[in-house]
Amino acid sequence: MRDIMAVILGGGRGSRLFPLTKVRSKPAVQINGKYRLIDIPISNCLNSNIYRIFVLTQFNSASLNRHIDVTYHFDSFRMDGFVNILAAEQTQHSSEWFQGTADAVRKTLKHYDRFRFSHYLILSGDHVYRMDYRKLLKEHRNTNADVTVAAMPVERQKVSGLGVMEIDDNGFVKQFVEKPEDPELIDKLEIKDDFWKNRSMDNRRGYCLANMGIYVFKRELLEEILTSDREMDFGKEIFPHAVESGRKVYSYLFEGYWEDIGTIKSFHQANLGFVNPMPKFSFYDEHNPIFTHARYLPPSKITRTTADNAILSEGCIVDDAYIRHSIIGVRSRVGKGSTIIDTYMMGSDYFESADEREENRHKGLPDIGIGHDCHLEGVIIDKDARIGNGVRIVAGPGDYTEGDGWVLRDGVIVVEKRAIIPEGTQIVFR
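Since we're looking at a predicted model, the values are computed, not measured. (Residues numbered from 1 in each chain as written. Predicted model: local features only at pLDDT ≥ 70, side-chain atom pairs only at ≥ 80, totals over all residues. Heavy atoms only, no water.)

Trainee: What should I look at first to understand the overall build of the protein in this one?
Mentor: A tally of regular secondary structure across the protein gives nine helices and 30 strands. A compact globule built from 430 residues should have a C-alpha radius of gyration of about 22 Å, and the protein, at 23 Å, falls within 12% of that. Considering only C-alpha atoms, the protein reaches an extent of 70 × 50 × 40 Å along its principal axes. Every one of the 430 residues in the protein was classed for burial, and the buried ones make up 54%. When the accessible area of the protein is evaluated, it comes to approximately 19900 Å², of which 45% is carbon and sulfur surface. Once the 56 positive and 61 negative side-chain charges of the protein are each reduced to a mean point, those two points are 3 Å apart. (Helix = DSSP H or I, 4+ residues; strand = E, 2+ residues; numbered from the N terminus. Rg over C-alpha atoms; globule rule 2.2 N^0.38 Å. Buried < 20%, exposed > 50% of the residue type's maximum accessible area, 1.4 Å probe, protein only. Areas by Shrake-Rupley, 256 points an atom, 1.4 Å probe, with all protein chains shown as cover. Lys, Arg positive; Asp, Glu negative; His and termini not counted. Charge placed at Lys NZ, Arg CZ, Asp CG, Glu CD.)

Trainee: How do you make sense of the pattern of salt bridges when you look at a structure like this?
Mentor: Think of it this way: side chains of opposite charge can pair up when their charged atoms draw near. Using the criterion set out here, one finds 23 salt bridges in the structure. For K107, the salt bridge is made with D103, and the minimal N-O distance between the two is 2.9 Å. Accessibility expressed as a relative area gives 0% for D103, which makes it buried. Through salt bridges with shared partners, a single network forms among D103, R106 and K107. (Salt bridge = Lys/Arg side-chain N within 4 Å of Asp/Glu carboxyl O.)

Trainee: Explain empty space enclosed by the protein here, please?
Mentor: Space left empty within the atom packing is revealed by a probe, the size of a water molecule, rolled over the atoms. In this structure the tally under the stated criterion is one cavity of 30 Å³ or more. Counted as a void, the largest cavity has a volume near 40 Å³. Taken together, R331, S332, R333, M345, G347, S348, I368, G369, I381, D382, D384 and A385 make up the lining of the largest cavity. (1 Å grid on protein atoms, 1.4 Å probe; cavity = no way out; pocket = protein on both sides within 12 Å on 5 of 7 lines; lining within 4 Å. Points joined across faces, edges and corners; volume = space filled by probe spheres on them.)

Trainee: Where do I start with the nonpolar core in this structure?
Mentor: The nonpolar side chains of a soluble globular protein tend to be buried, and buried together. Counting residues in hydrophobic clusters, the biggest one holds 64 residues, and the most contacted among them are I42, L121, M131, Y133, I214 and F267. At five residues, the largest contribution of residues to this core is made by strand β11 (residues 207–218). Non-local contacts of I42, meaning those with residues more than four positions away in its chain, are made with I8, I53, V55, I68, Y72 and V83. (Core = buried A, V, L, I, M, F, W, Y, C linked by side-chain atoms within 4.5 Å. Contact = heavy atoms within 4.5 Å.)

Trainee: Looking at this structure, I do not really get the layout of surface pockets. What am I missing?
Mentor: The computed volume of the second largest pocket comes to approximately 480 Å³. What lines the second largest pocket is a set of 21 residues, among which R361, D367, G371, H372 and N389 lie closest to the centre. Of the residues that constitute the lining of the second largest pocket, the class distribution is nine nonpolar, seven polar and five charged. (Nonpolar A, V, L, I, M, F, W, Y, C, P; charged D, E, K, R; others polar.)

Trainee: Just to check I follow, could you spell out helix α7 (residues 234–244) for this structure?
Mentor: Along an α-helix, residues three or four apart share an orientation, since each turn contains 3.6 residues. Where α7 is concerned, the buried positions are F234, G235, I238, F239, P240, A242 and V243. Residue D233 occupies the N-cap position of α7, its side-chain oxygen lying 3.0 Å from the main-chain nitrogen of G235. (Polar contact = N/O pair within 3.5 Å; in protein donor to acceptor, adjacent residues only side chain to side chain.)

Trainee: Which parts of the structure should I look at to understand the packing of aromatic side chains?
Mentor: Within this structure, the stated rule accounts for 21 aromatic pairs. Aromatic pair Y112 and Y120: ring centres 5.7 Å apart, planes at 75°, arrangement edge-to-face. Judged by relative accessible area, Y112 falls into the buried class, the value being 0%. The exposure class assigned to Y120 is buried, which follows from its relative accessible area of 0%. Plain terms: the ring middles of F117 and Y120 are 5.0 Å apart, the flat faces sit at 85° to each other, and that makes the pair edge-to-face. Y120 shares its class with F117; the two are buried. Aromatic ring contacts, followed pair by pair, group F54, F82, Y112, F115, F117 and Y120 into a single cluster. (Phe/Tyr/Trp six-rings, centres within 6.5 Å; stacked < 30°, edge-to-face > 60°.)

Trainee: What's the story with the side chain of T343 in this structure? I'm lost.
Mentor: Summarising the element assignment, T343 is placed in the loop between β19 (339–341) and β20 (344–345). For T343, a relative accessible area of 1% translates into the label buried. With near-sequence residues (within four places) excluded, T343 lies in contact with L272, H325, S326, I327, L376, E377, G378, V379 and I381.

Trainee: Help me understand helix α6 (residues 219–228) in this model?
Mentor: Of all the positions in α6, only R219, L221, L222, I225 and L226 are classed as buried. Buried positions along α6 lie against α3 (101–106), β6 (119–124), β8 (147–155), β11 and α7.

Note that all results are geometric; they support no functional claim without further evidence.
Given below as C-alpha cells:
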C-alpha cells in the first residue's frame, strides 16, 4: 500500500457535540473509556498496511496533536511510515482557515508533493467502524474507477441527514442527492429488489444507499479538481461534481457497523452499545486491534461492587458501588454506596496524590471522580470532573438546558471537563 496517501479530516467545530468539544477537537473526544475517535480511522489504516497518514485539523487541536504525538511512532525499519498533523496555517497565498473538507486538502497539497503515490484515501476522523481498506482499493482498481465511495444501506427515515446515491447494475453511481427530503425523490432513490441478488445481505425494503464519507481518488484527478475549482466540501460538492461530470464513480458496498458520532445522543448511545455482550462494534478483535496511547496503568481495584453490563478501564478504584450498563474510564474513582446507570464516565488524566486529596479537604473541593452515595443515570462525565458526596444527577427529556458545570442536551446530561459539582447537588429531569 505504498502508493496510497491517507488523509483524515479532523472536522470543524463539532458544535453538535458541545460541550465535549469545548476544549478539544471532535476526533480527540474519548470513547469506550480509553480510546479517542481518531484512533478508529488510524487503526483501520494501520491494519490495512497503510502507513502514510496525514490528519488535517483546525479547531482546538492541542489535545489531538498531543495524543497523536505520544501514540503513533514507527520503528527505524519503516522509515517512510508516519502519522502527521497538518493544522490550518496562514501562507503568502492564503490567510483563511479551512473552509470545508475539500478546501482543507486543497490548502495542504504542497505537503504531499514530495511523496510518490497514485491514490488519495480520504477519511473522516469522527466515525466508528472497522474496514479493511485493501478490499475497497482492490475494487477501485478492478473497476478502473476515477473515484470510489464507500456506501451502505440505511433506513429511509435517516437519509435526510446523509448523501444518497442511485447506482447502475455494475455498481457505478448514476445520481447523487445530498440530504434529500422530498418523499417522491426518496422513493426513486430506494434500493430496488434486484440490488440484493447475489449479495450476502438480506433484502431490506425501504432502504437507500448512503455515502459514508470514505473516498478513493486517483491522485491526478483530485489534484486537478482542487486546483481548478473552488468547491469547499467533498460530500456536498466534489463528489456530486464528479458524478455529474461523467467521471467513473464506483460505489463500494460496506456491510458492517458504521456510526457517525454527530450528536450527544448518538455519542452516548454508541458508547453504551460497547458494553453489550455481543456489541455491534467490538474492540476485542486481536487480528484488527484499535490502537491508542499506552498508559502503563495499574489494574483496576474493585471492592464489594456489583457491575452488570459494564466496562471498567485500567487504573480505577471502585468501592462498594452498583454499576449497570455503563463505562468507567481510566483512573476513575467511584465512592462507596454510589449507583451508576446508563452512564459514560471518561475518567481522569492523572491520579490525585494523598496530599492533593487532603488539600481538597481544606479547600472544600470534592476529589476527582464520584463521591460517596451518589446516583447518576443517563450521564456523560467528562474528564477530571469532581462530583461530591450525595450528588444526584438523572437525565430526562429536553433539548438544551445549561447549569453550572453541566448541560442537558438531547436528553443526556453532560458534566463538563474539570467541572465541580458540590456535595448534595440535585440535577433531576425525570
